[in-house]
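Chain by chain, the residues:
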Amino acid sequence: MTLTTPVPRDLDTVFPGENWFFYWKTSASLWRTKLQEFPGTRIIIPINWSFHSETGDQFDFEEHRPETNLKKLYEIATEVGKQVVFFLPLTPAPFLPNGGLPHLLARGLALNNEQMAYGIIDADENLIKIYSFFDPRVFEAFDKFVKRLGQYFATNKIPADVWGIRCGYFKDGFFRSFLEDTSKTFEQAFSRFLQGKKAEDQTLSPIEEKQYAFEFNKTVQDLYATNARENIGSNFEGALDVAFLGASTAKFLKRLSGTISTVDYTSEIYESLAKDIIPSSVLISHRLKKGVLSRELNDLVANSYLPARLSANSAYEYEDIAVFSPLSFFKVYEKIDGVSSMFQSWEQLHLWNYLQKNFGWSYKIISNDTLKLHENKNPYQEHIHLFHGHDVDRTLFNFILKTFMNGGRVILNRSGLSEDYSKRLETFFLENSLNVEKVSFKTQIQNIALGEGRLVLIDGDQFQEMDSSEYEDFWKNIVETFSLVHVPIQNVEGIDYYWRTRPSSANELKFEEIRRLSLYNPTSYRKKIRMNLNKNFVVYKVLDEINVIVQTYPNELEVELSPEGSVIIDFGVFS
Amino acid sequence: MKDIEYIVGVYNYLNAFPELHSDSAYYLLYLLDEKGILDRSVADKLYDEKFKTDLSAGNIHAKMIGPFESTDRLNQFAFQLCEEMNAGKVSLLSVQEYNTLLESTQTSSDFHRDLLLKGNVMENIERKKKGFLSRFF
């Protein structure tokens, strides 16, 4: 069976991954040849600020070096049949020297939340340092640059989309932006911000200070984005979060010793997809990306997730039968405001362990920033929404009730729910004559149904002392009441896998949907997985088999993957 | 246990729980050996058995090792860890020293080398002795 996704043959450093093109790394006279040889149909061009401006106030857009001629680059790409998308970093960019800053502006090193300077090793083994974006001179210079860039695009009538990218990395399961800074430069700027927020003799509590620091970070981040939007004009499509694989301090330190391997990167791919963040492998050398990691990145990112994000201003268009979108059963809400992490978390309730063991990465993590992305979608997939009471504010409360009344399914952890919202819920139940079923199972649970809608309230603060397996048992019992149509995979430890879904086409009408399972073995061991296929599932197609043996039996599927093996299996799903 | 050539530790002096009005103390943020990030199980066990104090809180343990009330205690821990893991030496750097080093270095290989050379280095003399004596016995 032929490959479903094209694999770039060119391992040139100008193509570092996911269809990105580093135009400054090659002569302009070679652009046409290189772009012609590239098999993809879309090219992503990150704009290298320092390449177009060494000082911050003089610019080069084709005036001096031909490699700065973005208009020519756009024209060549279009002539050879590539659609062009520009990425404009709105934060320090870990794939550029000095994080992208013109060298005269690279003054104060930015420090992460551990107060350690950011260190990154790029695909060519260069050491990249990140400098603070809280320096007012940096902001002023960025302002001048995007003004000039916007004028250049308008004057030369370059119609390509420009996306702002907020560059970051994953640490302990959380996305952190390279804009975050705890250096003296940040402290000075923050203290000016605080002067406007509090009285002179007022002392802030540590929680208040954390909240203000978060607000300040967000404000500055939004300022860079607003600046770009206003100056780039109609070309500007919006801002995207991009997680650079291997860019955390832990991975940096591991890379120093030269012992980093494929398995160190793969979980970050799936964490990114779960949080609607675009993963990028441009910091990883092609030598390491040969084999299964390359296939994962091509299948799941370069040829599916990334094009879908760049084609729509919000989450996927579910009706397109040609496009597989990520399968998710759960939408788990985590507020990001700098202080919510101090309250009861889903990790403390062992939710992630349960979900990953039973559903892999078939869930989405939504935040206050991405809530709108998931609102008002005609749900092709019916999700179970999970919220913490301590995150509930007016927006979230209304979202919860609206979802419930529209037939949606919600689990609300009452931990931290304010008395006001608690009373409003009770009033809502009374006014609508809703029956509240109460049960005690490891904690107090209330179940309320309204047509197809279900609202399950759990008392997160009332759990007895339990170990991980008892929590998993709790979640298993709760989730089973929702009758999800899913087939778990046995013996899957060490295997990377990802489920996607699409509607069935006209000649597939016997199925309600088609689910695609991509399996990858990044380990050096042979692995055998099994699936007991219930009456809802039938194997429809087996594709892209590399070092695997797939055996189908009545109601059972067995897949043996050799080291670096992978396969794609499509299932027809009946309701 | 396979011999480790060296351990590098990066630490910070911080208040881990300001909202609980806790005191500042020293915490080890990262432990490396020549192969990369050090497996924390031995370090965690050593801390729990011999260095845990009333200051310690369970939650932070997963991310950092500590608290240590002084650099002396931190150095003692680092040295005992070096002995437990039969490492040749241990180099400790504060985050300030780490940052200064990163700022002044141009290449990743130089930075890697200097992490070991430019920290507070303590040699495991016992291992050296055993190595010397093993030539005769």
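## Here's the deal with helix H13 (residues 419–431) of chain A
All names here are of chain A.
Now for step 1: For H13, built from 13 residues, the straight-helix expectation of 18 Å at 1.5 Å per residue is met to within 8% by its first-to-last C-alpha distance of 18 Å.
Now for step 2: When H13 is considered as a whole, its buried residues turn out to be Tyr421, Ser422, Leu425, Phe428 and Phe429. Angular distribution of buried residues about the axis of H13 spans 120°; they occupy a single face of the element. Of the exposed residues in H13, those oriented more than 90 degrees away from the buried face are Glu419, Leu430 and Glu431.
Now for step 3: Of the surrounding secondary structure, the elements contacted by the buried residues of H13 are helix H12 (394–405), strand S13 (409–413), strand S14 (436–440), strand S15 (444–450) and strand S16 (453–458).
Now for step 4: Of the residues flanking the end of H13, it is Ser433, one or two places downstream, whose phi is positive at about 50°.

## Topic: the domain arrangement of chain A
All names here are of chain A.
Now for step 1: Splitting chain A by domain gives domain 1 (23–178 + 223–310), domain 2 (330–480) and domain 3 (496–573).
Now for step 2: Between the C-alpha centres of domain 1 and domain 2 the distance comes to 36 Å.
Now for step 3: Tallying the contact residues gives nine residues for domain 1 and seven residues for domain 2.
Now for step 4: Summing both sides of the interface, domain 1 and domain 2 together bury roughly 740 Å²; the carbon and sulfur share of this comes to 60%.

## So, the packing of H12(A) against H13(A)
Residues and elements named next belong to chain A.
Now for step 1: Relative to each other, H12 and H13 sit at 25°, their axes nearing to 12 Å. The angle between H12 and H13 places the two elements in the roughly parallel class. Crossing geometry of H12 relative to H13 is assigned as right-handed. Contact residues: Arg394, Phe397, Leu401, Phe404 and Met405 in H12; Tyr421, Arg424, Leu425 and Phe428 in H13.
Now for step 2: In terms of residue class, the contact of H12 with H13 is made up of seven nonpolar, no polar and two charged.

## Remarks on the side chain of Ser91(B)
Residue and element names in this part refer to chain B.
Now for step 1: On the secondary structure map, Ser91 appears in strand S5 (residues 87–94).
Now for step 2: Here Leu115 takes part through its backbone oxygen, which lies 3.0 Å from a polar atom of the side chain of Ser91.
Now for step 3: In this structure the side chain of Ser91 is engaged in a polar contact, spanning 3.3 Å, whose partner is the backbone oxygen of Leu116.
Now for step 4: Apart from the residues lying within four places of it in its own chain, the contact partners of Ser91 are Ile7, Val8, Gly9, Leu115, Leu116, Gly119, Asn120 and Val121.

## Observations regarding the side chain of Glu558(A)
Now for step 1: Relative to the helices and strands, Glu558(A) resides in strand S21 (residues 556–573).
Now for step 2: Not counting residues up to four positions away in its chain, the partners in contact with Glu558(A) are Lys528(A), Ile529(A), Arg530(A), Ile549(A), Val550(A), Gln551(A) and Tyr553(A).

## Remarks on the interface of chain B and chain A
Now for step 1: In this complex, chain B contributes 25 residues to the contact, which on the side of chain A involves 27 residues.
Now for step 2: Overall, the association of chain B and chain A removes approximately 2,100 Å² of surface from exposure, summing both partners, and the carbon and sulfur fraction of that is 65%.
Now for step 3: In this assembly, chain B and chain A are joined by zero salt bridges.
Now for step 4: On the surface where chain B and chain A come into contact, there are twelve residue pairs in polar contact (both at pLDDT 80 or more).
Now for step 5: Breaking the side of chain B that touches chain A down by element, the ones donating at least two residues are strand S1 (4–14), strand S2 (25–33), strand S3 (36–37), helix H4 (95–104) and helix H5 (108–117) of chain B.

## Quick notes on the sheet that holds strand S11 (residues 363–366) of chain A
All names here are of chain A.
Now for step 1: In space, the seven strands of this open sheet follow the order S11-S10-S12-S13-S16-S15-S14, with mixed pairing throughout. Of all strands in the sheet, those bounded by a partner on one side alone are S11 and S14. Each adjacent strand pair in this sheet contributes to an overall mean axis angle of 20°, direction not counted.
Now for step 2: Packing of H13 onto the sheet brings it into contact with S13, S14, S15 and S16, and relative to S16 it is tilted by some 140°.

## Topic: the pairing of S14(A)
Two faces, one strand: in a regular strand the side chains alternate between the faces of the sheet.
Residue and element names in this part refer to chain A.
Now for step 1: Here S14 pairs with S15 via five bridges, running antiparallel. For Lys438, the partnering residue across the bridge sits in S15 and is Gln446.
Now for step 2: Here S14 folds back onto S15, and the loop between the two strands holds three residues, one of which, Lys442, carries a positive phi near 65°.

## Some thoughts on unusual backbone geometry
Now for step 1: Cis geometry marks the peptide bond from Gly66(B) to Pro67(B); its omega dihedral reads 10°.
Now for step 2: The residue Pro67(B) is located in strand S4 (residues 65–68) in this model.
Now for step 3: In this structure, Glu125(A) is a non-glycine residue whose phi angle is positive, near 65°.
Now for step 4: Checked against the element boundaries, Glu125(A) lands in the loop between strand S3 (119–121) and strand S4 (127–129).
Now for step 5: Non-glycine residue Lys157(A) carries a positive phi angle of around 50°.
Now for step 6: Looking at the element boundaries, Lys157(A) is found in the loop between helix H4 (136–155) and strand S5 (161–171).
Now for step 7: Under the relative-accessibility criterion, Lys157(A) is labelled exposed at 71%.

## A short note on the packing of aromatic side chains
All names here are of chain A.
Now for step 1: For the coordinates displayed, the defined rule picks out 62 aromatic pairs over all chains.
Now for step 2: Ring geometry for Phe186 versus Phe216: centroids 5.7 Å apart, planes at 45°, classification tilted. Remark: Phe216 occurs in helix H6 (residues 206–232) and Phe186 occurs in helix H5 (residues 184–195); sequence separation between them is 30 residues. Phe216 carries the same exposure label as Phe186, and that label is buried.
Now for step 3: Measuring from centroid to centroid gives 5.2 Å for Phe474 and Trp475, while their planes differ by 70°, and the two rings are edge-to-face. Grouping residues by exposure puts Phe474 and Trp475 together as buried.
Now for step 4: Grouping aromatic residues by their ring pairs yields a cluster made of Trp49, Phe59, Phe61, Phe133, Phe139, Phe142, Phe145, Tyr152 and Tyr224.
Now for step 5: Cation over ring: Arg65 sits above Phe51, and NZ or CZ is 4.3 Å from the ring centre.
Now for step 6: Its end group placed over the ring of Phe482, Arg454 keeps NZ or CZ at 4.1 Å from the ring centre.

Conventions used here
- Residues numbered from 1 in each chain as written.
- Chains lettered and ligands numbered in written order.
- Predicted model: local features only at pLDDT ≥ 70, side-chain atom pairs only at ≥ 80, totals over all residues.
- Heavy atoms only, no water.
- Helix = DSSP H or I, 4+ residues; strand = E, 2+ residues; numbered from the N terminus.
- Expected span 1.5 Å × (residues − 1).
- Buried < 20%, exposed > 50% of the residue type's maximum accessible area, 1.4 Å probe, protein only.
- Arc of directions from axis to C-beta.
- Contact = heavy atoms within 4.5 Å.
- Domains from an automatic or database assignment.
- Buried area = accessible area lost by both parts, 1.4 Å probe.
- Axes fitted to C-alpha atoms, helices over the stretch in contact; angles between N-to-C directions.
- Parallel < 35°, antiparallel > 145°, perpendicular 65-115°, else oblique.
- Left-handed = near helix turned anticlockwise from the far one by under 90°.
- Nonpolar A, V, L, I, M, F, W, Y, C, P; charged D, E, K, R; others polar.
- Polar contact = N/O pair within 3.5 Å; in protein donor to acceptor, adjacent residues only side chain to side chain.
- Salt bridge = Lys/Arg side-chain N within 4 Å of Asp/Glu carboxyl O.
- Pairing = 2+ DSSP bridges.
- Phe/Tyr/Trp six-rings, centres within 6.5 Å; stacked < 30°, edge-to-face > 60°.
- Lys NZ or Arg CZ within 6 Å of the ring centre and 35° of its normal.

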